[in-house]
Amino acid sequence: MRTWPALLAAPLLALTDQQVAYTLAAWSCAEQNRVALHAVHLLFLGLTLLSLLPEIRFLRPVAHTVHTGGSQDREVLLSLVALFVGVTSVIVIVAMWATNWIMSPCIA
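Here goes a summary of the coordinates provided. The model shown is predicted, which means the values in this text are computed figures rather than measured ones.

## Overview of the overall build of the protein chain
Within the protein chain one finds 3 helices and 0 strands. The N-to-C order of helical and strand elements in the protein chain reads α-α-α. Classification of the 108 residues of the protein chain by burial places 31% in the buried group. Accessible surface, the protein chain as shown: approximately 7,000 Å² in total, 72% of it carbon and sulfur.

## Remarks on the nonpolar core
Core analysis: the biggest nonpolar cluster contains 13 residues, and A6, F44, L45, L52, V90 and I93 have the highest contact counts within it. Contributing elements (two or more residues each) for this core: helix 1 (4–31), helix 2 (35–62) and helix 3 (71–102). Counting residues per element, this core draws most heavily on helix 3, at 6 residues. Leave out the neighbours within four places in its chain, and V90 touches L45, T48, L49 and L52.

## Brief notes about the packing of aromatic side chains
Across all of its chains, the model carries 1 aromatic pair by this definition. Relative to W101, the ring of W97 lies with its centre 6.3 Å away and its plane at 40°, an arrangement referred to as tilted. Linking W97 with W101, this pair stays in helix 3, spanning 4 residues, or about one helical turn. Judged by relative accessible area, which is 16%, W97 ranks as buried.

Thresholds applied
Residues numbered from 1 in each chain as written. Predicted model: local features only at pLDDT ≥ 70, side-chain atom pairs only at ≥ 80, totals over all residues. Heavy atoms only, no water. Helix = DSSP H or I, 4+ residues; strand = E, 2+ residues; numbered from the N terminus. Buried < 20%, exposed > 50% of the residue type's maximum accessible area, 1.4 Å probe, protein only. Areas by Shrake-Rupley, 256 points an atom, 1.4 Å probe, with all protein chains shown as cover. Core = buried A, V, L, I, M, F, W, Y, C linked by side-chain atoms within 4.5 Å. Contact = heavy atoms within 4.5 Å. Phe/Tyr/Trp six-rings, centres within 6.5 Å; stacked < 30°, edge-to-face > 60°.

Here it is as C-alpha cells:
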C-alpha cells in the first residue's frame, strides 16, 4: 500500500520539525544565527513533500475512471485521506517556518 508515507510519515515529520526547531531556538538566539532554523524547516518541508508523491501519482490515473464499488473505492478514499493529512502537515510546517521569518527566536 502506497498511502502510509503521506498518512503516517508526514505528520511525524511535522512533529519532528517542531521539536528540532524548538531545540535549536536557544542556540539560534545565543549565536544570532537563524540559518539553521530555516535549514531545518526547509529540510522537513522537502521530506514531507516527498512523502506526498506516491499519493499524487496514484490519484492521476484514477481520476478519469468510473468506479463500481469495492476495494478500489476504498483505496481511492484512503488515498484522498492520506493526501489531506499530508497537505495539512505541509501547511503546519510552512506556518511554523513563517514565524521564523517574522519573529526573532530571542523574543521570549
